[in-house]
Amino acid sequence: MKAATAILTSALCLGFALPAAANRVFVSNEKGNDVTVLDSETLEVIGTYPVGARPRGITISPDGKELYVCASDDDLVRVFNPETMEETHTLPSGPDPELFVLHPSGNPLYIANEDDNLVTVVDTRTHKVLAEIPVGVEPEGMGVSPDGKVVINTSETTNMAHFINSETFEIFANVLVDSRPRFAQFNDAGNKLYVSSEIGGTVSVIDPETQQITKKISFEIPGVLPEAIQPVGVRVTKDGKKVFVALGPANRVAVINGETDEVEDYLLVGQRVWQMAFTPDEKYLFTTNGNSNDVSVIDVAANKVIKSVPVGQQPWGVVVAPN
Amino acid sequence: MKGRIIILLAGLSIANQAFAQNSADGAQPQTVRAAVLRVDAPHLPPISRLDAAPEDLGFAGARLAIEDNDTTGRFMGQDFEAVEVTATPETAAAEMDKLLAEGFPFIVTLADDAETLALADQVGDRALVLNARARGDNLRGADCRINVIHTAPSYAMLADALAQFLMWKKWSNWFLIAGSHPEDVALADAYRRAAVKFGAKIVEERTYEDTGGSRRSDSGHVQVQQQMPVFTQRAASHDVVIAADENGVFADWLPYATWDPRPVTGSSGLVPRSWAPSLEAWGATQFQNRFEKLAGRPIREEDYQTWVALRMIGEAATRTQSTDPAKLKEFMLSDNFEVAGFKGQKLTMRDWDHQLRQPILLTTGSVTASVSPQDQYLHQTSALDTLGFDRPETECKF
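Remember, predicted model here, so these are calculated numbers, not experimental data. (Residues numbered from 1 in each chain as written. Chains lettered and ligands numbered in written order. Predicted model: local features only at pLDDT ≥ 70, side-chain atom pairs only at ≥ 80, totals over all residues. Heavy atoms only, no water.)

**Concerning the nonpolar core**
All names here are of chain B.
Logical step 1: If you look at the biggest cluster of nonpolar residues, it comprises 43 residues, and the most contacted ones within it are F106, M312, I313 and M332.
Logical step 2: Of all the elements in the fold, those that place two or more residues in this core are β1 (30-39), α2 (59-76), β3 (106-110), β4 (128-131), α8 (284-295), α9 (301-320) and α10 (325-332).
Logical step 3: For this core, the element with the highest residue contribution is α9, accounting for 9 residues.
Logical step 4: When residues no more than four places from it in sequence are discounted, the contact partners of I313 are V32, A34, F80, F106, L130, L328 and M332.
Logical step 5: Residues A161, A178, I242 and I360 belong to the second largest nonpolar core, which totals 28 residues. (Core = buried A, V, L, I, M, F, W, Y, C linked by side-chain atoms within 4.5 Å. Buried < 20%, exposed > 50% of the residue type's maximum accessible area, 1.4 Å probe, protein only. Helix = DSSP H or I, 4+ residues; strand = E, 2+ residues; numbered from the N terminus. Contact = heavy atoms within 4.5 Å.)

Shown next as structure tokens:
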């Protein structure tokens, strides 16, 4: 272990020597009411900053200038300057915002209101609510197609992925998936949509064209009870070749071949892993481990967990600055 | 803002039809009808005023379930209803007759063991009964009925859930104090069975006779402060007290008053329950918020068990894309059935006694201290079957 750490440290030093700048990693701590900021190269904590009550979903504008945090118990989205972590303004979000997704252009923001069976659409420039879209019970997962035309919402008790036209705000298709869908993620080519089902224990692969499920990925880990395998967060590399799925209390991240949609590996991370984020160069993937209060750092090329970094209380979401 | 929602809803109904086309149902929503029958026996007030039963006990859970089912139903062209009926033990049979005459195919009952059994026999094959209150092991054993599904956990499940925790804690010497009512005796039996099953020893047993005193009165605690230490003195050396007090006669007075300084569990202290308003994990916070917004009070077990019963019907309607009661019943009783209940894993049906498999919460007044099954107890098919009567042990014959 010591030796491994030494090697990693030297690898890190090499990283430093390269011109590629370090990125800031923002982790929302649901029970700590704060955000922990890490440095993506040194993997050290830069600081911890208060962000409001029960922060969960967290994302950043494409230009890296605005950090958005769902302050669930404040019924607001709070917006911060990512450099100073000072609050610049708030956005109306509807009650209990849990998770959101930004349009690829950076505007608008589509927010799942978990307690109110709504998706709220907010203009990030005018700070006005553009629409409230009624969806199923307990909306959570939010995804957007790479071309920005389709927004996906998953409702956890209705067990559907709702396909929403991002301009008319109308639902045009509903796909029934397994129990408690938590997360929706397109690949960058836009020809696959991955929807995780926490209680069903599966990831549905959906063809966005036809809205049909083309495959259901299931998981099996020796020595882990099947009930503990609860897929939540999903991230796909830009080339679409690797899909990472956080498996909750199984304390593993599954690595899936994005071409065959077969599971290739399981990586042991911290306890109750939910959300994940890549660095822009896809060198690292960060995972939030809500029960062990830490973040695991995965070396994406090597499929290896290289470090865990203690953060705040019950880390929930994570986003990496694009610059 | 209101206007916008209405416009969007209109958009939704178009989407409904698109979805409904698959099921060839047409545009008219199909209705699934259910009834909730609550039988209120006359009861003295509970020891604590905090435990007084709310007027809408169970019904509030039904209302939330119907809201949930209807929200999903909008996308499926399905509509759900649950009528609420209260009865006394004297009027229960007549009320049930009315519901049967009106042709309700699903009837959720909130009644005690004996009434539940009588109602089930009265119903026969005319409807499916979903038992959301009665915990008697006999209802899942020798007195099981093919027309009944149990969403309430059994005494054996509750006792096993506590026993697993006590064994993990290495508190294996138990002092069992049971009340004198028939339910207390049945619950005490479940603890005796759990002791054998998990290797604990009941080193002392006492019966607390309900003599009608020590209830809510100014002198209550004054008397009780004297009575409880004396009642529990000179017990064989034990690690923990287990109280079996289904009627709330004495258990709440035991903590801090036992002769020996030992923790109290069972009907007070650390209590096994199907649900508690303190649970936050597994999306429970959202569920609690939705319930409290609707009912204006914290949720009770009866509400949760009723919610699960009606959600099972809704889930079956979604998955089968049907509102035909026969199809829904068949699906609910099949191996393919599962429902999410905010307890961290899917809830499924035991085919040998129609008991819903579920984790059991171990709660104190303010927190959910643990959830059983404990990780250490393994099972060849489902860890949940370490709680209650497993397939080889069942006395149920349909």
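What follows continues from the structure just given.
**Re the state of the cysteines**
Residue and element names in this part refer to chain B.
Logical step 1: For the structure shown, the criterion picks out 1 disulfide over all chains.
Logical step 2: One disulfide in the model links C144 with C396; its S-S distance is 2.1 Å. Since a negative S-S torsion denotes a left-handed disulfide, the C144-C396 link at about 85 degrees is right-handed. Here C144 is found in the loop between β4 and β5 (148-150), whereas its partner C396 is found in the segment after β14 (368-372), with 252 residues between them in sequence. (Disulfide = S-S within 2.5 Å.)

**A word on empty space enclosed by the protein**
Any empty space left between the atoms is revealed when a probe the size of a water molecule rolls over them.
All names here are of chain B.
Logical step 1: The final tally for this structure, using the stated rule, is 3 cavities of 30 Å³ or more.
Logical step 2: By volume, the largest cavity is sized at about 60 Å³.
Logical step 3: In terms of lining, the largest cavity is formed by T116, L117, A120, L139, D143, C144, R145, V148 and H150.
Logical step 4: Elements that contribute at least two residues to the lining of the largest cavity include exactly α4 (113-123) and β5.
Logical step 5: It is α4 that contributes the most residues to the lining of the largest cavity, 3 residues altogether. (1 Å grid on protein atoms, 1.4 Å probe; cavity = no way out; pocket = protein on both sides within 12 Å on 5 of 7 lines; lining within 4 Å. Points joined across faces, edges and corners; volume = space filled by probe spheres on them.)

**Side note on the interface of chain A and chain B**
Logical step 1: The interface is formed by 37 residues belonging to chain A together with 35 residues belonging to chain B.
Logical step 2: For the chain A and chain B pair, buried surface summed over both sides reaches about 3100 Å², with 55% attributable to carbon and sulfur atoms.
Logical step 3: The interface formed by chain A and chain B includes 3 salt bridges.
Logical step 4: Our enumeration of links across chain A and chain B arrives at 13 residue pairs in polar contact (both at pLDDT 80 or more).
Logical step 5: Mapped by element, the contributors of at least two residues to the side of chain A that touches chain B are β11 (129-134), β14 (160-165) and β15 (171-176) of chain A.
Logical step 6: The leading source of residues in the side of chain A that touches chain B is β11(A), at 6 residues.
Logical step 7: When grouped by side-chain class, the residues that make up the side of chain A that touches chain B number 13 nonpolar, 11 polar and 13 charged. (Buried area = accessible area lost by both parts, 1.4 Å probe. Salt bridge = Lys/Arg side-chain N within 4 Å of Asp/Glu carboxyl O. Polar contact = N/O pair within 3.5 Å; in protein donor to acceptor, adjacent residues only side chain to side chain. Nonpolar A, V, L, I, M, F, W, Y, C, P; charged D, E, K, R; others polar.)

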